[in-house]
Structure formats: structure tokens, C-alpha cells
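# Structural characterization, general
What follows is the residue order along each chain.
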Amino acid sequence: MLAEHNSPLSIIKTNVLKSLECSFGADSKQVETILKKSIFNTPDELINGHWSSNIAMVSAGVLKRSPHDVAKELIKAFADSPSFERIEIAGPGFINFYLTENSLLRQIEHHDEYLKEAINDIESRTILIEFVSANPTGPLHVGHGRGAAFGDALKRLLSFVGHDVTTEYYVNDAGRQMDIVTASILLRAAEVSDIDFPHAGYQGEYIKTIASSIIIESGTRNKIEESIKNLPEDKDEAIDKICIELKKHSDIWQQTKSVGLEKILGLIKSDLSEFNVIFDEWFFESSLGSIDEDDSKLRQALDLSINEAGYEKDGAYWLRSTNHGDDKDRVLIRKDGRVTYLASDVAYHKEKLDRGFDQLINIWGADHHGYIKRIEAAIESVGHSKSSLMVLLVQFANLFEDGQKLKMSTRSGTFYDLGKLVELVGADVARFYYLSKQADQHLDFDVSLAKSESKENLYFYIQYAHARIASLEKKYEEANGSLPSKTDSGNCPDALVAIIQVLMNFPVNILNSVERYQPHLLIYYLRDLSQAIHQFYNEINVMKAASNDASNYMFVLLKAKNIIKQTLNLLGIEAKNKM
RNA sequence: GCGCCUGUAGCUCAGCUGGAUAGAGCACCUGGCUUCGAACCAGGUGGUCGGGAGUUCGAAUCUCUCCAGGCGCGCCA
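Residues numbered from 1 in each chain as written. Chains lettered and ligands numbered in written order. Predicted model: local features only at pLDDT ≥ 70, side-chain atom pairs only at ≥ 80, totals over all residues. Heavy atoms only, no water.

### Thoughts on the overall build of chain A
Helix and strand counts for chain A stand at 23 helices and 15 strands. When its C-alpha atoms are laid out on the principal axes, chain A stretches across 95 × 55 × 40 Å. Taking contacts inside chain A between residues at least 6 apart in sequence as the whole, the part at least 24 apart equals 72%. For chain A, the accessible surface area stands at approximately 27400 Å², while carbon and sulfur atoms represent 46% of it. Computing the positive centroid from 64 side-chain charges and the negative centroid from 83, chain A places the two 2 Å apart. (Helix = DSSP H or I, 4+ residues; strand = E, 2+ residues; numbered from the N terminus. Contact = heavy atoms within 4.5 Å. Areas by Shrake-Rupley, 256 points an atom, 1.4 Å probe, with all protein chains shown as cover. Lys, Arg positive; Asp, Glu negative; His and termini not counted. Charge placed at Lys NZ, Arg CZ, Asp CG, Glu CD.)

### What about the sheet that holds strand β1 (residues 40-41)?
Across the sheet, 4 strands lie side by side as β1-β2-β4-β3; this open sheet has antiparallel pairing. The two strands at the open ends of the sheet, each matched to only one other strand, are β1 and β3 (84-90). With 6 bridges connecting them, β3 and strand β4 (residues 94-99) associate as antiparallel partners. Looking across to β4, one finds that I89 is bridged to I95. (Pairing = 2+ DSSP bridges.)

### Here's the deal with the protein's contact with RNA strand B
Around RNA strand B, 58 residues are found, and the nearest of them are F94, H369, Y461, Y537 and K544. The contact atoms of RNA strand B, taken as those within 4 Å of the protein, divide so that sugar and phosphate hold 59%. One nitrogen or oxygen atom from the side chain of H520 is found 2.8 Å from a phosphate oxygen belonging to RNA strand B. Residue Q535 places a side-chain N or O atom 2.6 Å away from a phosphate oxygen belonging to RNA strand B. Among the elements of the structure, β4, β9 (316-319), β10 (330-333), α19 (458-480) and α22 (520-539) are those that each provide at least two residues to the surface near RNA strand B. Grouping the constituent residues of the surface near RNA strand B by class yields 21 nonpolar, 19 polar and 18 charged. (Near = heavy atom within 4 Å. Polar contact = N/O pair within 3.5 Å; in protein donor to acceptor, adjacent residues only side chain to side chain. Nonpolar A, V, L, I, M, F, W, Y, C, P; charged D, E, K, R; others polar.)

### Things to note about the pairing of β9
Sheet analysis places strand β8 (residues 310-313) next to β9, joined by 4 bridges and oriented antiparallel. Its bridge partner lying in β9, K313 is registered against A316. The loop that links β8 with its antiparallel partner β9 comprises 2 residues; one of these, D314, has a positive phi angle of about 55°. As judged from the 3 bridges shared by β9 and β10, these two strands associate in the antiparallel manner. Paired with Y317 across the bridge in β10 is I333.

### Comments concerning the nonpolar core
One broad rule of soluble globular proteins: the nonpolar side chains tend to lie buried together. By size, the foremost hydrophobic cluster in this structure holds 151 residues, and its most contacted members are F275, Y434, I499 and L529. Of the residues forming this core, the biggest block, 12 residues, is contributed by helix α23 (residues 547-570). Apart from the residues within four sequence positions on either side, F275 is in contact with G145, A148, A149, L418, V422, A427, A430, R431 and Y434. Of all hydrophobic cores here, the second largest spans 31 residues; its members include L128, L302, A309 and L389. (Core = buried A, V, L, I, M, F, W, Y, C linked by side-chain atoms within 4.5 Å. Buried < 20%, exposed > 50% of the residue type's maximum accessible area, 1.4 Å probe, protein only.)

### Considerations on the side chain of E473
Inspection of the secondary structure puts E473 in helix α19. Overall, the relative accessible area of 17% leaves E473 in the buried class.

### Quick look at the pattern of salt bridges
Taken as a whole and judged by the stated rule, the model has 26 salt bridges. For the salt bridge of E226 with K229, the shortest nitrogen-to-oxygen distance reads 3.4 Å. A relative accessible area of 44% places K229 in the partly exposed class. For E245, the salt bridge identified is with K248, shortest N-O distance 3.2 Å. Given the relative accessible area of 57%, K248 is considered exposed. Several salt bridges converge on common partners, so that one network encompasses E168, K297, E351 and R355. (Salt bridge = Lys/Arg side-chain N within 4 Å of Asp/Glu carboxyl O.)

### Points about the packing of aromatic side chains
If you walk through the whole model with that rule in mind, you get 22 aromatic pairs. Ring geometry for Y169 against W282: centres 4.5 Å apart, planes inclined by 20°, an arrangement best described as stacked. Placement of Y169 in strand β6 (residues 164-171) and of W282 in strand β7 (residues 281-284) is noted, with a sequence separation of 113 residues between them. A centroid spacing of 5.3 Å and a plane angle of 75° characterise the contact between F432 and Y433, whose relative ring orientation is edge-to-face. Accessibility assignment for this pair places F432 and Y433 in one class, buried. Site record: aromatic cluster; members linked through ring pairs are F275, F432, Y433, Y434, F445, Y459 and F460. The residue whose ring lies beneath K313 is W318, and the NZ or CZ to ring-centre distance is 5.0 Å. A cation over an aromatic ring shows up here: R431 above the ring of F275, its NZ or CZ 5.6 Å from the ring centre. (Phe/Tyr/Trp six-rings, centres within 6.5 Å; stacked < 30°, edge-to-face > 60°. Lys NZ or Arg CZ within 6 Å of the ring centre and 35° of its normal.)

### As for the pairing of strand β13 (residues 397-401)
One face of the sheet, then the other: side chains in a regular strand alternate in exactly this way. As paired strands, β13 and strand β15 (residues 443-446) are joined by 4 bridges and run parallel to one another. Bridge pairing in β15 places L399 opposite F445. The sheet contact formed by β13 and strand β14 (residues 404-405) spans 2 bridges and is antiparallel. Paired with E401 across the strands is Q404, a residue of β14.

### Section: the layout of surface pockets
Here the second largest pocket defines a volume of roughly 990 Å³. Around the second largest pocket, the lining comprises 30 residues; the ones closest to its centre are A174, G175, R176, D179 and V339. Elements supplying a minimum of two residues to the lining of the second largest pocket: α8 (176-189), α11 (235-247), α12 (250-274) and α14 (341-354). It is α11 that contributes the most residues to the lining of the second largest pocket, 4 residues altogether. (1 Å grid on protein atoms, 1.4 Å probe; cavity = no way out; pocket = protein on both sides within 12 Å on 5 of 7 lines; lining within 4 Å. Points joined across faces, edges and corners; volume = space filled by probe spheres on them.)

### Quick notes on the packing of α19 against α23
Close contact between α19 and α23 brings their axes to 9 Å; oriented N to C, the two are set at 140°. Taken together, α19 and α23 sit at an angle that is classed as oblique. Crossing of α19 against α23: the hand is left-handed. Each of I462, Q463, A465, H466, I469, A470, L472, E473 and Y476 in α19 lies in contact with α23, whose residues at this interface are A550, S551, M554, L557, L558, A560, K561, I564, K565 and L568. Taken together, the residues of the contact of α19 with α23 sort by class into 13 nonpolar, 3 polar and 3 charged. (Axes fitted to C-alpha atoms, helices over the stretch in contact; angles between N-to-C directions. Parallel < 35°, antiparallel > 145°, perpendicular 65-115°, else oblique. Left-handed = near helix turned anticlockwise from the far one by under 90°.)

Written as C-alpha cells, this is what we have:
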């Protein structure tokens, strides 16, 4: 009997397929149906085998045979295979494969190709992920952190499986908010008193800092002060009136606006950089141009959109978004001639798709979910398919400290900035907890837990597993001169098998995490892997084992260490060699 | 009222494209360090998977309904 060199999983799949065709005469369509529904996995309990499949139960339905009959026939194909210690039929028709110790170890040598095989089936696409995109009105707050961590992790995951991914930040530099920021800076530059400073203006200290770089002549200062006299009661109307007045001094207005934008984007970029998030592209809303310019992207997109799916009513121009399930139609151009936020988005999404991406992913706060229908309508109205857009929602994160929910209002300033959180717990820990729960569900972020070095801190549990192996690796190399590069025959105790089982689950977990856009699954994978490592470590002393065993143990542990590192990197987190 | 999300152990949560006895951590009880890192491990207590009905060989997972909570429903962004 010849030794087998392929990985056990590929042997299993090959034999089962051959048997389905030869013994049951399954045609290619039937085989395809069966394969689509059947699963080959590593069971949670070793008692159910090292590999297990439901394929007999799935085939039973397709072939009109009983699951047990199918299973019995299928396992005949393995009679000559030396890789298996035994194969059993269990429960309602599971086939459980038990590997020999040698083939168990051999799997780890095949680990990389197993992963490659899994990834190979994915069709590569060009993807644009747009996220954060916070208004450039101040530093990022903790709410933005979750979107940033999520978007960046998705980029890494999608790239890892072979997609061509670009990340982009959409800068709303053309709207009312930017005007208010500009006005706020100008008023601070003119040293308007706190009492007179408008309530709807931006209050933060950073506004004063930026204002200090703006030089204003005394004549201009008087004019600025004029702008805050005789204002309407309503604070929103008041700020709008101030903006209108200030815009009359177009030189200083434009200068202030451009300095303000540059400085605030600087703050945002620095927050992101501290958080290890780097965007490929920064897209400025202003680059879409104005509705008044015939050849602007905004104008062209709106002309097309309104022509295809719009109409005029009450002096305004509307998009017929109800055709795509929206509650009501939406205004694109107001009756006063100004465009709405949606209008910019029509042009922006057209622009993104015109750049040729196969898929757009937008990451939005969950409070924007009502916006999805109209943006889909918008995309269809400019000649693209709404299926090219995928909107992923991120729920708000509540911050807790010592069991108390932290208020996150701008005014209170107690705990608000992302930068402050990163400073407090570190970028890696912050990212870890942001990603620890499904993005579209509420997250309670416990700052004291993240800071603590206690055993309830999952972050440390995982890092500790990595650091322990790193430390062992050093000792092993010192004692033996080199690290093992392959496996040898030897013992394969249960504690080691447990690690191997989790490692063999890696490709499935990666694919699952990518297909569902859920990086958090990887955190729980890492927990399971770390647990197996800690258990092994407590049970078996590698340095005292017989040399062939020690070499095998080290080989498996190094693979585990590598997988932890690789997986943490996919989440944007660095693995530690020392705690 | 309509739409989206959520309800799993005392607490924080995994698991949800149907699969074997529902899993972790914390808390509580018991045990394990003179040698590879005890930020660790082993064992124990603890669950009608919000309630009910349906689909089928099989449901925490799919469907319906009810209950409870969160969010969203602007010519704001």
C-alpha cells in the first residue's frame, strides 16, 4: 500500500465524488446539487471524527436512497486508503472520518495549499469601500471609530481573498455644515465674545486654534461683527443668515473655508492614522461642481436622473424613488434652486460606478437605513444596477466605564473623541473591541475592561497565546539550532489534535467571515484557537518531549502562531511576541 | 401607523445560508505553579435559545403570529 501525499480532505472529496459517479451513476447536475448543499467540516467533538460530512444525507434526497445505504457505499471507496484509521457512519447518516496520527500531522504541512484552494474559487472583483466620511467639521468621535475599524478590516479581508479593493472617504465640503464651520472660524478670528457666538456654531477649541491662524484687518472685523446683529430667534435660521452675510466678503470667506477644511481634514487624518486606518482615496463633494455649471458632474448626473426617473412638482424636482420601494418620492432640487444632499449622492454614486468598479460597498450608521431605497433608486436612475451597491450598516457603540454609560455629547466633552479613546486603550485594543461584535448590532464598549489586564479581557487571552508560542519558539531554537520545517512520525496527543482541528477550520472561517462581511467571526475563531493552545501548553511540555515529538509539536504550534498573527493582521491588529 | 435591527446561563456575548448532547468568558464552588510565560489550565453549579404555531428525517437557525426593547420615517446632512 502506497503512502498518500495529498491532504486528507482532498482525498476525502476525491473519493466521495468518484463513488457518487461510479456507484450511483449520479450525473453532473446531481453532483453539483449535492456538493452545493453538503458540508465537510471538522466536528466540535473529536468523538465525531477528525472530518465529518453530511453528504450521504444530502445525496439521499437527490438519489432517492436511504442515507445509510448511500453512506455505506461511499465509504467503500476508502478501503485502500492508509490515511484513515477508521470511517464510521453515525446518527442520521453522518460519515465520520478518523485519521491516523501521521496523516493528522501531515495536514498541517498542507495547510497553505488548503487555504489557497478555498480562496481560488472566489471570482476576483474590483470593489470600492466608502466609509467614515464624517463631515469635516471637527475631530472624529468614538462613533466613527467603529465604522473605521469595520471598513478597514473589510478591506483587508476582501483583499486577502483576492479582490482588488480601494477605500475612499467622501468629504462633504460643499454643504451647509461646511459653511457653518467657516462662519464659526471667522467669528472666532474676529474674537466675537462667547455670549454673542451663535448657538448653532461649532464650539470646540479646535475652531479657536484654527481661527488663530487667520489674520483679519480691523475693517473686515467690523463687518464680521455686523453680521451677528439683528438675527432671527431660531438658531438654525440665525446661523444661515450669518453665513449669507459673511459670504459677501468672498476673499476672506474663501480663504477661511479652505484653511478650515485643510486643518480639520488634518485632524481627521491624524485620528485615522493613529488608529491605523489609511484611505486610498479622498473624494471631495466640491469636485462634483455646481448645479449652475452646464458641464459639471453634478449637473449632468441630475439632468440624466431627472430625465430618466424624475419629475417637476411644486416648483421642485423630484426623484421617483417609490418605484424602488421607498415610502415617498424625494426632492433633488428644491424650489429655491438649491440641490439636496441626495442630489450630491446621485452624482457621487454615478461617479463611483463610472470609474468602473464591479461593486460599491457603503458603510453607514444604522440610523441611515431609511436612506437605502432612495439611493438605490438614484443609482438606477443614472443607468446602473442597484445590485452593484451593497450598504452595510454599523450600529452605534455605547461606551461604558466602571459600569456607567458615558455621555457622548459635544458640549460635555467628557468622552467624545476617537483620538482620546485610542490614547487611553491603544489602537489595537480599541479595534479589537469595536470588531468584537457584529457591526449591525449594538455594541457596549467597556473602556475599563479594555484597559484591564484581567482574565476577562479576551484581547489579552489571544495575545498571550501568541506570545507564549513566540517565547517557546525562541527556547526551542536555542536548544536545537533550528526550527522544524516538516512533520515526522510520532505521538499525536488529543491536546495537539485539538489545535490541528481548529487550524483546519481556518479556511472555512475566513470564507465565512468574508462572504458575510463579518470580521467579528474571526475574533471568535481566534478565541477557539487560543483556547486550544493554552490547553495544550498546560498539558504538554514541549521542551521535555522526545525530540521527534517535540519537533512535531513545535511545527504545529508555529503554524498556529502564524495563523493568529495573520488573522489579527486581517483585523488591523498587531500580534505581540511579549506581553 | 410603516420599515429595519434585537431578545440564547445571574452578567457580557458566540453559534443563525437547518444537522449530532445549545457553546465561551465573567461571577460562584473545588483543584493545579521549585523547570517551556499561572495574563494559564482542569472539574462543578447554571439554559422551556422571549411566548405560541407551522415547514421536515431533523429548528436557536427558515415561515407566520404575539410580547418586549432599540433605531429610522424632512424641500436636514
